[in-house]
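Here's the letter readout for the chains.
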Amino acid sequence: MKNEPVIVNLYSKRAKNARLGRKVGRKGFASSASVSVSLLVVAVLCFGFHESRYGYLSLGIGLLAGMWALWYKRDLAVIAPGKSSQLDDTLSGEVLAILPTKPELSVATLWKALGDSWQRRFITNHLLLPPEQIDELLANEPTSLQDIWAKATEMSKAQGDSVIEAGTIAAAILMLSEPVKKQLSLYKLHEAEVVAVTKWLDRLLKETERPKQHFGGIARDWAFGFTPLLNQFGENISVAIMRHNAHFGTLTTASGVQAITSALENHAGAIALIGEDGVGKTSHMYALAQIFIEGKASRKLAYHQVIGLDAGAIISAARYPGELEQIVIQLANEAAHAGHVILFLDDAQLFFGNGTGSFDATQILLPVIQSRGLPLVMAMAPGDYQRLRNQNSTFANLLTPVVLQEPDEPSTLEVVSDAASRLENKHRVLIAYEAIVEAYRLSGRYEQEQAYPGKAILLLEQAISHADDRVVSARSVQDAIEQSRGVRVGSAAPAEADQLLNMEARIHERMIGQDSAVKAVASALRRARAGVADPRRPIGSFLFLGPTGVGKTELAKAIAECYFGNEASMVRLDMSEYQQPDDVQRLLSNGQNDTSSLIMAIRQQPFTVVLLDEIEKAHPNVLNLLLQMLDEGSLTDVAGRPASFKDSIIIGTSNAGATTIRDHVGKGEALASFEQAITDELISSGQFKPELLNRFDDIVLFKPLNSEELGQIVQLMIADINKTLSTQNISVELTKDATVKIVEAGYDARLGARPMRRTLQRAVEDGIAGRILRGEAGPGDHIVLDMKDLDL
Amino acid sequence: MFAPWRRIVSYPGASMSDHFHAWLDNLVSRIIGFLVRFFVLITAGLTLIIIFLFSIAELVIWPCVPVVAVAAIVKAILP
């Protein structure tokens, strides 16, 4: 194609018709048709009143107007593809109509002409590209028009189109023009995004050009018996599809729908449609109903209709014991008698007595399934199917399982894009393609309980309320997840960036010393927030090693406050309670009220610090489990459902190696100089396995506190006391000597700074309390305590 | 053609009288079914014939329309 110049003949019959059709338009057609009908009526009246001259005139003009209208309707409204493979025969009527005959066509004039087409606007709008910027970039475009036509032809063939659409040509220009490509990369756009939006447009075009579906003519309904009760307690999905002219596109050819069809053809009797929430179980049934409507089903399934039962409506209708069962029996009988009915039980667990608002209909449904007289499809989650197998194996064994898997990324993005078109129409907004990709990414990360594509569509719908000027962008999706999950996923705002850059200072506001530990942790958190860290692992994982009372737990609390905004954002487990091999089950339990379950804790609070105290005391099986948590950022509960730790900071603490640390520090050595020695010692002594140590992002050593640092801790504690006393407008201050005295009394080499709080209570708080009660201290007083005032 | 209308059927009881009533009910259902189907088929057949006749008429009339239109205008203009 490159070697042979391709010329578009803009004076061909197709091109002329296309231009004329565009000029006339629908309004022109409507006017001609109205004039024609009116004049023909006038002609009849004139002849009736013997005004033959006016009658002939009206008849002549009316017929000409009618011919014009019919010509438009048949030949001009839709320009059929030409027979040859020449470009002017393969371009769509819309493109031929908007291409300028003068001046000579160039890439720039072609792009400008395409601006008259909504398809070009669809592409630029959904990619959030300013079209005038592209106009400027194309002014001196070196790419030849030949290459554009060749690319558009290639794309059109790949999409299976009968003609080359305006959107495809616009996409070809965006993909081939070097200056435009450079500009796109500034918007973080690549060829893949342009192709995806073009395919999205193509699906939309095919959808709008699809003829209205018919449910087999007027006699079709007579093939079924009357179903008054089913109409009351369910929804006729087949009729709903026909009424709303709904279309499920590629889903009709999905493997899941084929599996259901094949099971029904083999007289499976009842099918268990198994899939996680959001995977599209209901949509699969709608797609199945559409196949029946389109007459694409096999002979065995021809003329079937799908009726979905509403468990809630059945339960609310039952007024006395036994009525519920009676209704279900009547429904099953009615469906069987009406014939050609496939009964669909959505949320089927509600019919098996599982979950709130459920009832047990298995005994009623059992004979129905055994007789195979009524095809049933029951949709349920894998957990519910497993529960049914455990509770009623006889019933479960009669069901033919059809398992729906999550679609892959390209398929999911296609489904979400198609759903975005529906949302755009419903909410009158524009959903940018970047929003769709972001909804896919963020729902995958933060909505672990649901499956694709449902969870991405749900997030996109939530993002609509965060649209900026009626445009849903990636930022809108980020805002939606930030609001619903309380996590920050967007780029750091200047104020937040400042806080992150000064995280060490913020931590030191509540923690004294341990500079290297604080720096290690702050750096890891900055990496995570800036998006540099691996998103498939926890935000950070640290092993804090050091003697008791040196600030390990305090640092964990400080991280929770600085990163998650609240000191309470912490799941704390004492690992000495998990010393038995069976304790693994406790950690992985999915019981709602199991307080020792790590899985439940992280599901309730995914954005948290997980503090594993005395980690070395846990059973090796428990530690093996932690390997997976640190490595993959997830654990799987006893029911096989994953729980994500990707938004948590994992901190293990241990006193192991404390003596060695104390010895080295005592000799005046820097922490960094004996870090490796400590790690080697922990491994050689068998306290930690090397694979566990290697999984942590950082092993952070805490040194014993010196007297100066202990003095600062005392001052921090005094500040806390002053905060409490501020309600009584009393303040307290320690002299330097008093501080030294408290440090001497409160420091314990084995327990670190931990006894300091008790010492301060005894020495300061008790004394102040006595003064207040004796009336020696009151509002506005500032109490200065010297060494002699302390009660030690 | 003679299937019961909208699958409305009665099931016979034990007595002869019940058997007779069920037979009568089903006969009525079948007759209604037959009549509805028969008239729908007749209507459909007639519709097809009318459409066919219109198509033939269109084939003949369509080429004449411009001539008729022009002739009518000329006749109106000429004294």
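The paragraphs below set out a description of the structure included in this document.

Rules used throughout
Residues numbered from 1 in each chain as written. Chains lettered and ligands numbered in written order. Predicted model: local features only at pLDDT ≥ 70, side-chain atom pairs only at ≥ 80, totals over all residues. Heavy atoms only, no water. Helix = DSSP H or I, 4+ residues; strand = E, 2+ residues; numbered from the N terminus. Rg over C-alpha atoms; globule rule 2.2 N^0.38 Å. Buried < 20%, exposed > 50% of the residue type's maximum accessible area, 1.4 Å probe, protein only. Contact = heavy atoms within 4.5 Å. Buried area = accessible area lost by both parts, 1.4 Å probe. Salt bridge = Lys/Arg side-chain N within 4 Å of Asp/Glu carboxyl O. Polar contact = N/O pair within 3.5 Å; in protein donor to acceptor, adjacent residues only side chain to side chain. Nonpolar A, V, L, I, M, F, W, Y, C, P; charged D, E, K, R; others polar. Pairing = 2+ DSSP bridges. Axes fitted to C-alpha atoms, helices over the stretch in contact; angles between N-to-C directions. Phe/Tyr/Trp six-rings, centres within 6.5 Å; stacked < 30°, edge-to-face > 60°. Lys NZ or Arg CZ within 6 Å of the ring centre and 35° of its normal. Parallel < 35°, antiparallel > 145°, perpendicular 65-115°, else oblique. Left-handed = near helix turned anticlockwise from the far one by under 90°. Core = buried A, V, L, I, M, F, W, Y, C linked by side-chain atoms within 4.5 Å.

Quick notes on the overall build of chain B
- Helix and strand counts for chain B stand at 2 helices and 0 strands.
- Its C-alpha atoms give chain B a radius of gyration of 27 Å, clearly above 12 Å, the size a compact globule of 79 residues would have.
- When the backbone C-alpha atoms are referred to their principal axes, chain B occupies close to 90 × 20 × 10 Å.
- For chain B, the proportion of its 79 residues judged to be buried stands at 16%.
- In chain B, 63% of the contacts between residues at least 6 apart in sequence involve partners at least 24 apart.

Brief notes about the interface of chain B and chain A
- In this assembly, 21 residues from chain B lie in contact with 21 residues from chain A.
- For the pairing of chain B and chain A, the buried interface totals around 1900 Å² over both sides, and the portion due to carbon and sulfur atoms is 69%.
- Counting across the chain B and chain A interface gives 1 salt bridge.
- Note that B:E58 is salt-bridged to A:R74, the shortest N-O span being 2.6 Å.
- One can count 6 residue pairs in polar contact (both at pLDDT 80 or more) joining chain B with chain A.
- Contributions of two or more residues to the side of chain B that touches chain A are made by α1 (16-61) and α2 (65-77) of chain B.
- Considering each element in turn, the side of chain B that touches chain A owes the most residues, 9 residues, to α2(B).
- Residues that form the side of chain B that touches chain A fall into these classes: 17 nonpolar, no polar and 4 charged.

A word on the sheet that holds strand β9 (residues 540-545) of chain A
Residue and element names in this part refer to chain A.
- An order of β10-β11-β14-β9-β15 is seen for the 5 strands of this open sheet, with the pairing classed as parallel. A strand with exactly one partner marks an edge of an open sheet, and here the two such strands are β10 (570-574) and β15 (698-701). Within this sheet the neighbouring strands show an average axis-to-axis angle of 20 degrees, counted without direction.
- Where β9 and β15 come together, 4 bridges link them in parallel fashion. Pairing of L545 across the sheet is with L701, part of β15.

Some thoughts on the sheet that holds strand β6 (residues 399-403) of chain A
Residue and element names in this part refer to chain A.
- With mixed pairing, the 6 strands of this open sheet are ordered in space as β1-β3-β4-β5-β2-β6. Because the sheet does not close on itself, it has two edges, and the strands there are β1 (234-236) and β6. Along the sheet, successive strands turn relative to each other by an average axial angle of 25 degrees, direction set aside.
- In this sheet, strand β3 (residues 305-309) lies alongside β1 in antiparallel orientation, the contact comprising 3 bridges. Bridge pairing in β3 places N236 opposite I307.
- Contacting β2 (270-274), β4 (341-345), β5 (376-380) and β6, helix α18 (residues 362-371) crosses the sheet at an angle of about 130 degrees to β5.

Some points on the packing of aromatic side chains
- Within this structure, the stated rule accounts for 16 aromatic pairs over all chains.
- Ring plane angle 80 degrees and centroid distance 5.2 Å describe the contact between A:F122 and A:W200, whose orientation is recorded as edge-to-face. Here A:W200 lies in helix α11 (residues 191-209) and A:F122 lies in helix α6 (residues 118-126), a separation of 78 residues in the sequence.
- By relative accessible area, A:F122 is classed as buried at 6%.
- Their ring planes at 45 degrees and their centres at 5.6 Å tell us that A:F248 and A:Y286 sit as a pair that is tilted. Of this pair, A:F248 sits in the loop between α13 (237-244) and α14 (255-265) while A:Y286 sits in helix α15 (residues 281-293), and the two are 38 residues apart along the sequence.
- Clustering of aromatic rings is evident, with ring pairs tying together B:F2, B:F34, B:F38 and B:F39.
- Here A:R19 stacks its cationic end above the ring of A:Y11, 5.7 Å away from the centre of that ring.

Brief notes about the packing of α6(A) against helix α9 (residues 166-176) of chain A
Residue and element names in this part refer to chain A.
- For the pair α6 and α9, interaxial distance at closest approach is 7 Å and the crossing angle is 45 degrees. When the interaxial angle is binned, α6 and α9 end up oblique. You can see that α6 and α9 cross each other, and the crossing is right-handed. Residues Q119, R120 and I123 of α6 touch α9, and the partners they reach there are A166, G167, A170, A171 and L174.
- Here the residues of the contact of α6 with α9 are counted per class, giving 5 nonpolar, 2 polar and 1 charged.

Some remarks on the nonpolar core
- Residues A:L91, A:I169, A:I431, A:L460, A:L555 and A:I649 are the most contacted members of the largest nonpolar core, which totals 101 residues.
- Not counting chain neighbours up to four residues away, the residues in contact with A:I431 comprise A:H126, A:W200, A:A420, A:L423, A:E424, A:I436, A:L460, A:I464 and A:V472.

Here we look at the pattern of salt bridges
Residue and element names in this part refer to chain A.
- Evaluated as defined, the whole model comprises 30 salt bridges over all chains.
- One salt bridge in this structure joins E438 and R441, with 2.9 Å as the shortest N-O distance. Of the two residues, E438 and R441 both sit in helix α22 (residues 433-446), 3 residues apart, roughly one turn of that helix.
- You can call E438 buried: its relative accessible area is 10%.
- A salt bridge links D613 to R572; the nearest nitrogen and oxygen atoms lie 2.8 Å apart. Of the two residues, D613 sits in strand β11 (residues 609-613) while R572 sits in strand β10, which places them 41 residues apart along the sequence.
- Linked by salt bridges that have partners in common, R510, E554, E561 and E567 make up one network.

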